[in-house]
Amino acid sequence: MDMLFKALSSPLDLSSFLSVHADKVTPRRLTHLKDYFSDRQTVREVLAKDDPLIYEVWEVEYAGPGRGLSYGMTRLFPGTIGNEYFFTRGHFHSGDLGDEMYVVNSGKGVLLLSTRDGYCETLDLTAGQMVYVPSHLAHRTINIGTEELLFLSVWAPNIVHDYDTIAERGFPKLVVASPNGPETIENPVFFTDKNNPTTKPL
Ligand code: S6P
Ligand code: ZN
């Protein structure tokens, strides 16, 4: 019987879940994120020597009857490019049932959330934290700690993941390392209107 037709059970320590359940592992290296980090000079310098692994997604895509649920574990590694902490690309969900659940297993992070019209907020992510992400909010995870940030996401398989909007305009805010620790600042090159990018810097 296909695994997706069975009940799945996993220990609360999600790190032991990784190799057991995932049927697809997607590594995301700096090459995949080179246009997302704001310090392009540092991106070029790092890529000249290395292509660090920023995160991996261990995923199970629902392929059974009816609506089902897909889920995945993200391992986001610690590090910075310039003063920006390692992060996931970030995306909007569109289509029916676009909401998502996040549950943090370990590490220390920030969830950056944003609407299409530029409202932006951050939530702290620590072990055991659960976040309900409503469908209208784009989401990016940022590792502000020194350990791997490991979290589970659960979403409906008919969601369309919209990466293009974030790839084109970024998030309204950046989370950067400062002498006082992690700091959330305005993104100087964020544009709320991707069709008219010269008029809308925040
Ligand atoms: C999927 C969910 C996560 C992300 C993962 C990587 O809806 O939000 O599983 O896919 O954290 O981030 P991204 O932005 O590269 O898909
Ligand atoms: Zn998502």
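Residues numbered from 1 in each chain as written. Chains lettered and ligands numbered in written order. Predicted model: local features only at pLDDT ≥ 70, side-chain atom pairs only at ≥ 80, totals over all residues. Heavy atoms only, no water.

A.B. asks: How should the overall build of the chain be read in this particular structure?
C.D. replies: Helix and strand counts for the chain come out as 4 helices and 15 strands. Among the 202 residues that make up the chain, the fraction classed as buried is 44%. Within the chain, counting contacts between residues at least 6 apart in sequence, those at least 24 apart form 67% of the total. As presented, the chain carries roughly 10300 Å² of accessible surface, and 53% of it is formed by carbon and sulfur atoms. (Helix = DSSP H or I, 4+ residues; strand = E, 2+ residues; numbered from the N terminus. Buried < 20%, exposed > 50% of the residue type's maximum accessible area, 1.4 Å probe, protein only. Contact = heavy atoms within 4.5 Å. Areas by Shrake-Rupley, 256 points an atom, 1.4 Å probe, with all protein chains shown as cover.)

A.B. asks: Whenever I open this one, the sheet that holds strand β11 (residues 138-143) confuses me. Can you help?
C.D. replies: Two strands in a sheet stick together by hydrogen bonds in their backbones, pointing the same way (parallel) or opposite ways (antiparallel). Taken together, the 3 strands give an open sheet; going across it, the order is β9-β8-β11, and neighbouring strands pair in antiparallel fashion. Of all the strands in the sheet, just β9 (120-126) and β11 have a single pairing partner and so form its edges. Between one strand and the next, the sheet's axes are offset by a mean angle of 25 degrees, whatever the strand orientation. (Pairing = 2+ DSSP bridges. Axes fitted to C-alpha atoms, helices over the stretch in contact; angles between N-to-C directions.)

A.B. asks: Got a minute to help me understand the site of ligand 1 in this structure?
C.D. replies: Taken together, 16 residues lie near ligand 1, and Tyr55, Glu100, Tyr102, His161 and Tyr163 sit nearest. Contact distances for ligand 1 include 2.5 Å between an oxygen atom and a side-chain N or O atom of tyrosine 55. Here an oxygen atom of ligand 1 and a side-chain polar atom of histidine 139 are 3.3 Å apart. When the free accessible area of ligand 1 is taken as 390 Å², the share hidden by the protein chains comes to 96%. When its residues are assigned to classes, the shell around ligand 1 shows 6 nonpolar, 8 polar and 2 charged. (Near = heavy atom within 4 Å. Polar contact = N/O pair within 3.5 Å; in protein donor to acceptor, adjacent residues only side chain to side chain. Nonpolar A, V, L, I, M, F, W, Y, C, P; charged D, E, K, R; others polar.)

A.B. asks: Which parts of the structure should I look at to understand the pairing of strand β14 (residues 173-178)?
C.D. replies: Two faces belong to every sheet, and in a regular strand the side chains alternate between them. Here β14 pairs with strand β15 (residues 181-186) via 6 bridges, running antiparallel. When the sheet's bridge partners are listed, alanine 177 is paired in β15 with proline 182.

A.B. asks: What is the right way to look at the packing of aromatic side chains in this model?
C.D. replies: A ring pair, where both rings are aromatic, is described by two values, the distance of the centres and the angle of the planes. Within the structure shown, the criterion is met by 2 aromatic pairs. Measuring from ring centre to ring centre gives 4.2 Å for phenylalanine 37 and phenylalanine 87, while their planes differ by 25 degrees; the resulting arrangement is stacked. Taken together, the positions of phenylalanine 37 in the loop between α2 (30-33) and α3 (40-49) and phenylalanine 87 in the loop between β5 (84-85) and β6 (92-94) put the pair 50 residues apart, joining distant regions of the chain. Summarising the aromatic geometry, the rings of tyrosine 102 and phenylalanine 151 are spaced 5.0 Å apart at their centres and angled 15 degrees between planes, so their arrangement reads as stacked. In this pair, tyrosine 102 sits in strand β7 (residues 100-106) while phenylalanine 151 sits in strand β12 (residues 149-155), placing the two residues 49 residues apart along the sequence. Overall, the relative accessible area of 6% leaves tyrosine 102 in the buried class. Note that arginine 89 overlies the ring of tyrosine 163, its terminal NZ or CZ placed 3.9 Å from the centroid. Between the NZ or CZ atom of arginine 140 and the centre of the ring of phenylalanine 87, over which it lies, the distance is 3.8 Å. (Phe/Tyr/Trp six-rings, centres within 6.5 Å; stacked < 30°, edge-to-face > 60°. Lys NZ or Arg CZ within 6 Å of the ring centre and 35° of its normal.)

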